[in-house]
Amino acid sequence: QVQLVESGGGLVQTGGSLRLSCAASGRTFSSYAMGWFRQAPGKEREFVAAISRSGGSTYYADSVKGRFTISRDNAKNTVYLQMNSLKPEDTAVYYCAAVKAIGIVTGTDRYDYWGQGTQVTVSS
């Protein structure tokens, strides 16, 4: 069982930056591939970024590539999402998720554990 708690969301102007954190419980964090997803009002939850359990592989949605960076610190049981050059269309609730896997996992339905989400609002 893994419990995930996101933090770091907030209100930022267009072009600004935020760093989201996701703290995981348990002693086997390094066994889990991690992902970030987001859901805007009236839209389906969508993939943002994923990282392998070792941190050696990452993958991004085209909409955030070059602006967002996913990373993890297995010693701290934490995964991060650094978001730069934010746009109003990045406004959403951001969720982190975990699944026991070796490689990259991008499908929403593949993940077993989810956090409660953190709101990111980008003003124009």
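We now turn to the structure provided with this report. (Residues numbered from 1 in each chain as written. Predicted model: local features only at pLDDT ≥ 70, side-chain atom pairs only at ≥ 80, totals over all residues. Heavy atoms only, no water.)

## Digging into the overall build of the protein chain
Within the protein chain, the secondary structure is distributed over zero helices and eleven strands. Reading the protein chain from its N terminus to its C terminus gives the helix and strand order β-β-β-β-β-β-β-β-β-β-β. Taking 124 residues into account, the globule formula puts the C-alpha radius of gyration at 14 Å, and the protein chain, at 13 Å, falls close to it. Across the 124 residues that make up the protein chain, the buried fraction comes to 45%. Summed over its atoms, the accessible surface of the protein chain is roughly 6300 Å², and 45% of this surface lies on carbon and sulfur atoms. Averaging the positions of the 13 positive and the 9 negative side-chain charges in the protein chain gives two centres separated by 7 Å. (Helix = DSSP H or I, 4+ residues; strand = E, 2+ residues; numbered from the N terminus. Rg over C-alpha atoms; globule rule 2.2 N^0.38 Å. Buried < 20%, exposed > 50% of the residue type's maximum accessible area, 1.4 Å probe, protein only. Areas by Shrake-Rupley, 256 points an atom, 1.4 Å probe, with all protein chains shown as cover. Lys, Arg positive; Asp, Glu negative; His and termini not counted. Charge placed at Lys NZ, Arg CZ, Asp CG, Glu CD.)

## Considerations on the nonpolar core
Core analysis: the biggest nonpolar cluster contains 39 residues, and Met34, Trp36, Leu81, Met83 and Tyr94 have the highest contact counts within it. Counting only elements with at least two residues in this core, the list comes to strand S3 (18-24), strand S4 (32-39), strand S5 (46-51), strand S7 (68-73), strand S8 (78-83), strand S9 (92-100) and strand S11 (118-123). Ranked by residues supplied to this core, first place goes to S9 with six residues. (Core = buried A, V, L, I, M, F, W, Y, C linked by side-chain atoms within 4.5 Å.)

## Observations concerning the pattern of salt bridges
By the definition in use, this model includes four salt bridges. A salt bridge links Arg38 to Glu46; the shortest N-O distance between them is 2.6 Å. Taking relative accessible area as the criterion, Glu46 reaches 36% and is therefore assigned partly exposed. (Salt bridge = Lys/Arg side-chain N within 4 Å of Asp/Glu carboxyl O.)

## Examining the state of the cysteines
Each disulfide consists of a covalent bond between the sulfur atoms of two cysteine residues. Per the stated rule, a full pass over the model turns up one disulfide. The residue that forms a disulfide with Cys22 is Cys96, at a sulfur-sulfur distance of 1.9 Å. When the S-S torsion is 50°, as for the bridge of Cys22 with Cys96, the disulfide is right-handed. In this pair, Cys22 sits in strand S3 while Cys96 sits in strand S9, placing the two residues 74 residues apart along the sequence. Relative accessible area serves as the criterion here: at 0%, Cys22 is assigned to the buried category. Its relative accessible area of 0% is what places Cys96 among the buried residues. (Disulfide = S-S within 2.5 Å.)

## A few points about the pairing of strand S1 (residues 4-7)
One face of the sheet, then the other: side chains in a regular strand alternate in exactly this way. Only one face of S1 is covered, namely the one carrying Leu4 and Glu6; the face carrying Val5 and Ser7 has none of its residues buried. Summarising the sheet, S1 and S3 pair through four bridges and their orientation is antiparallel. Bridge pairing in S3 places Ser7 opposite Ser21. (Pairing = 2+ DSSP bridges.)

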